[in-house]
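What the coordinates show
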Amino acid sequence: MSNVLTIGKSALNAAQVGIATVGHNIANAATPGYSRQVVVQAAAQAQNFGYGFVGQGANVVGIQRVYNETLAKQVINATATAKASSAYYSNISQINNLLSDSTAGLNPVITSFFSAVSAAAANPSDTATRQTFMSSAQSMINRFNSVNNQLQDMRNSINTQITASVDTINSYASQISILNDTINKALNSTGNPPNDLMDQRDQLVAKISEQIQTTIIKQDDGSYNVFAGSGMPLVVGTTQYSLYTRASDTDLGRLEVAYGNPASPKILSNETLTGGTLGGVLKFRTDTLDVVQNQIGQLALTLTSQFNAQQTQGLDLNGIAGTNLFNTIQPQVSPSSRNPSTSPLITASFDKTSLVTSSDYSVRYTSGRYVITRLSDNAQMPEPDPDPLAIPWDGTLPVTFNGITIGPGTGTPAEGDYYMVQPTRAAASNLSLNFTDVSKLALADATGGPGNNVNGLLLAKLQTGYFVDGGNTLTQGTVRLGGSDANPVYGTYSRSFSQMVSAVGTKTNELSITSLADATALENATNAMQSESGVNLDEEATDLLRYQQAYQAAGKMMQIASQLFEVLLQMGQ
C-alpha cells in the first residue's frame, strides 16, 4: 500500500514541477534571450517483488533549457555583420546627402565663381563685375568651409560613437565575468545548470556582438571565454580585460580604440576591430570620411593655388603685378606624441600642386633612414624613377614626391620617430581671401597693359583644365586623379568633384543593398534559433493542460491509496 502512495506522490511532484516550468516559460515568453525550459524526468528504480519488478513512480532528473549552440553562434555572427553594415550605411548616407545636394554641394559655387571670372574678364575695367568676382570667391570659400565643417562634425560624432561602443562592451564584459563566477559556483554546489543565469549570459554575449565581432569558447567548468575582433580576450573565466579610448598619437582630436596595460594601452588597427557598430564606424571613418575630406581639401588646394599662380602672372588695374587672391595653404605635419622631445619637427611644403594626391603619408625614422608610406595604397615613397640610371633615394631629407617636399627640420632624429603628413586634410577649412580690394584682381597681362583681359581669360580657362604648370601645359585638367608622378591622370575641378560624388553614391547604394541583405540574414538566423529555443504559447498551453491532467490523475491515485488504507484499518478493528 505504501508503494502506491509513493508512486502517486512522485507523479504528483513531477506534474507539479511540470506546471511550474510551463508557467515559467509562459511568464518569460517576451523576455529577451530567454530559452524555453523543459522538465527531464525518468522512471524510478523498480522494485523486485518476486513475481516481477514493480515500478516506483517517476523522478525529476532536472530542468533543461532548449539551447542550440550552433544556431546561437550563427545569430552572433549575423548580428555583428548586420550591425557593422548598418553603422557604415547610416554614416555614409549623411555624406552622400551632403555632397549630392545640388544647392549645398561644391559644383554650383565653383561654376558660379568661374562665371564671375569670365564676366570680369569680358569687362576688366568695370568695378561692379570685379566686385561680383570677389563676392563669388568669398561664397565659394564659405561653401568649402561649410562642407568641411560638416565633415568635421561627423568626425566628432564618430568619436562619440566609439566611446559609447567601448563603454558598452566593457560593461557587458564585466557582467559576463561576474556571471561566469556565479554560474560556476551554482554548478559546483548543486550539479544543476542555473538556466536563467545562463540565458542572461548568452544575452550579454549577443549584446556585445552588436558592438564588435564576438567569439565564444566554452570551458569545461561551464564558464565562457569571450574574444573580440580578431581574437582579443575580453573575458577569461572570471577575469575581464577592458578596451580603452585614447587620442591618436598624431591627432589629438581623433579617438582610437586601445587595449592592454591600462597605464599605456596600445592603439589597435581597424583590421583588429571588425564587425559590430564599432567596426562599422571605424571602417567608415578610414575608408570614406578621411578619403572624402582629403579629396575636398585636394580640390580646394589645387583650385586656389593654381588660381594664385595665374593671378600673379598678370597686372592689376593699377599696373602692379598681381598677388595671391587666396591665402597660401601648407601641408599639415603632426609628430607622434611618443617621439622624444629632442626629436626634430620635420617640415612639409608644396612643390607642384598639380601632382598632389588626396592621400596622407606616414614618415618613420628607422635604422638610420626615413621610410615614407603613402597610406592610400601603402606604396613606398618616392615613387620609383622610370629612368634606370637614376640614383635611388638614400632615405635622407629633404625629398620631393607627389607634389610635396619633406624637409628634415632641426635636431637629431631618434630610432622610431614617427610623423603624419596630411597635405590636404585641413585645406578646405583654411581657405580665405588674401585681399578684398577689387582693383588688385590681375586680369591684364604684362604686354598689353593694365586695361586688357588676357590674364583674365587664362584665369577663366582654369575651369576647363587649362593651366601652365612650371613649363608644362595641362589641357585635360589640373586635379590629379591618379597615375604616377611621371604619368599623372588629371581631371577638371568639376570632374574631380563629380567623381568623388559618384564614388560615394556608389558605395552608399552598395551598402544599402548589403545592409538590407545582412538584416535579412540576421532575421532568418534569429527565427531559426527562436523556432527551437523560443517559447510557443500554443505549445505551452497544451503542455499545461497535459500536466494539469497528470496532476489530477496523481491526486486521484493518492486519494484511492488513502481509501484503501482506511479499508485495511477498518478490517483490523
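Read on for an overview of the structure. For every chain, the first residue of the written sequence is number 1, and numbering continues from 1 along that sequence. Since the coordinates come from a predicted model, pLDDT governs what is reported: local features require at least 70, and pairs of side-chain atoms require 80 or more to be given and counted, while whole-chain, interface and lining totals use all residues. Values shown for side chains rest on all heavy atoms present in the structure; no hydrogens or waters enter the calculation.

**Regarding the pattern of salt bridges**
Any two side chains of opposite charge can pair if their charged atoms end up close together. Basically, it comes down to this: By definition here, a salt bridge exists when the distance from a side-chain nitrogen of Lys or Arg to a carboxyl oxygen of Asp or Glu is within 4 Å. Helix and strand labels come from DSSP, where a helix needs a run of H or I of at least four residues and a strand needs a run of E of at least two; each type is numbered from the N terminus. Between buried and exposed lies partly exposed: a residue is buried under 20% and exposed over 50% of the maximum accessible area for its type, with that area taken using a 1.4 Å probe on protein chains only.
Evaluated as defined, the whole model comprises 19 salt bridges. In this structure, E510 engages K507 in a salt bridge whose closest nitrogen and oxygen atoms are separated by 3.4 Å. Separated by three residues within a single helix, E510 and K507 lie in helix α8 (residues 493-533), roughly one turn from each other. Judged by relative accessible area, which is 25%, K507 ranks as partly exposed.

**Things to note about the packing of helix α3 (residues 107-122) against helix α4 (residues 127-190)**
Test applied: Lines are fitted to the C-alpha atoms to define the axes, a helix being fitted only along its stretch in contact, and any angle between axes, read from their N-to-C directions, falls within 0 to 180 degrees. An angle below 35 degrees is read as roughly parallel, one above 145 as roughly antiparallel, one from 65 to 115 as roughly perpendicular, and any other as oblique. Crossings are assigned a handedness: left-handed for a near helix turned anticlockwise from the far helix by less than a right angle, right-handed for a clockwise turn. Should any heavy atoms of two residues lie within 4.5 Å, those residues are counted as being in contact. Classification used: nonpolar for Ala, Val, Leu, Ile, Met, Phe, Trp, Tyr, Cys and Pro, charged for Asp, Glu, Lys and Arg, polar for all others including Gly.
Close contact between α3 and α4 brings their axes to 8 Å; oriented N to C, the two are set at 165 degrees. It follows that α3 is roughly antiparallel to α4 by the angle criterion. Crossing of α3 over α4 shows left-handed handedness. Taken together, the residues of α4 that come into contact with α3 (itself represented by V109, I110, S112, F113, A116, V117, A119 and A120) are T129, T132, F133, S136, A137, S139, M140, R143 and F144. Tallied by class, the residues present in the contact of α3 with α4 amount to 11 nonpolar, five polar and one charged.

**Focus on unusual backbone geometry**
Note the cis peptide between M381 and P382, where omega equals -5 degrees. Mapped onto the elements, P382 comes out in the loop between β16 (379-381) and β17 (399-401). In the segment running from L397 into P398, the intervening peptide bond is cis, with an omega of 10 degrees. Structurally, P398 can be placed in the loop between β16 and β17.

**A short note on the nonpolar core**
Operational definition: Only buried residues count toward a nonpolar core, which is a set of Ala, Val, Leu, Ile, Met, Phe, Trp, Tyr and Cys residues joined through side-chain atoms within 4.5 Å.
Judged by nonpolar contacts, the single largest core of 102 residues is most densely connected at L99, F113, F144, I296 and F307. Looking at this core, the element that brings in the most residues is α4, giving 17 residues. Dropping the residues within four chain positions of it, F307 is found in contact with F113, F114, V117, F133, L325, F326, L459 and L462. Grouped together as the second largest cluster of nonpolar side chains are eight residues, V75, A78, A82 and L522 included.

**Brief notes about the packing of aromatic side chains**
Both the distance between ring centres and the angle between the ring planes are used here to describe each pair of aromatic rings. Worth spelling out the cut-off: Pairs were defined over the aromatic rings of Phe, Tyr and Trp, the Trp ring being its six-membered one, requiring ring centres within 6.5 Å. Orientation was assigned from the angle between planes: stacked under 30 degrees, edge-to-face over 60, tilted for the rest. For a lysine, the NZ atom is tested; for an arginine, the CZ atom; a charge sits over a ring if that atom is within 6 Å of the ring centre and within 35 degrees of the ring normal.
Tallied over the full model, the rule gives 11 aromatic pairs. Ring centres 5.3 Å apart and planes at 55 degrees place the aromatic pair F113 and F307 in the tilted group. Placement of the pair is F113 in helix α3 and F307 in helix α6 (residues 276-311), with a sequence separation of 194 residues. F113 gets classed as buried once you look at its relative accessible area, which sits at 0%. Taken together through their ring pairs, the aromatic side chains of F113, F114, F133, F307, F326 and Y493 make up a single cluster. A cation over a ring is seen here: R546 above Y547, with NZ or CZ 4.6 Å from the ring centre.

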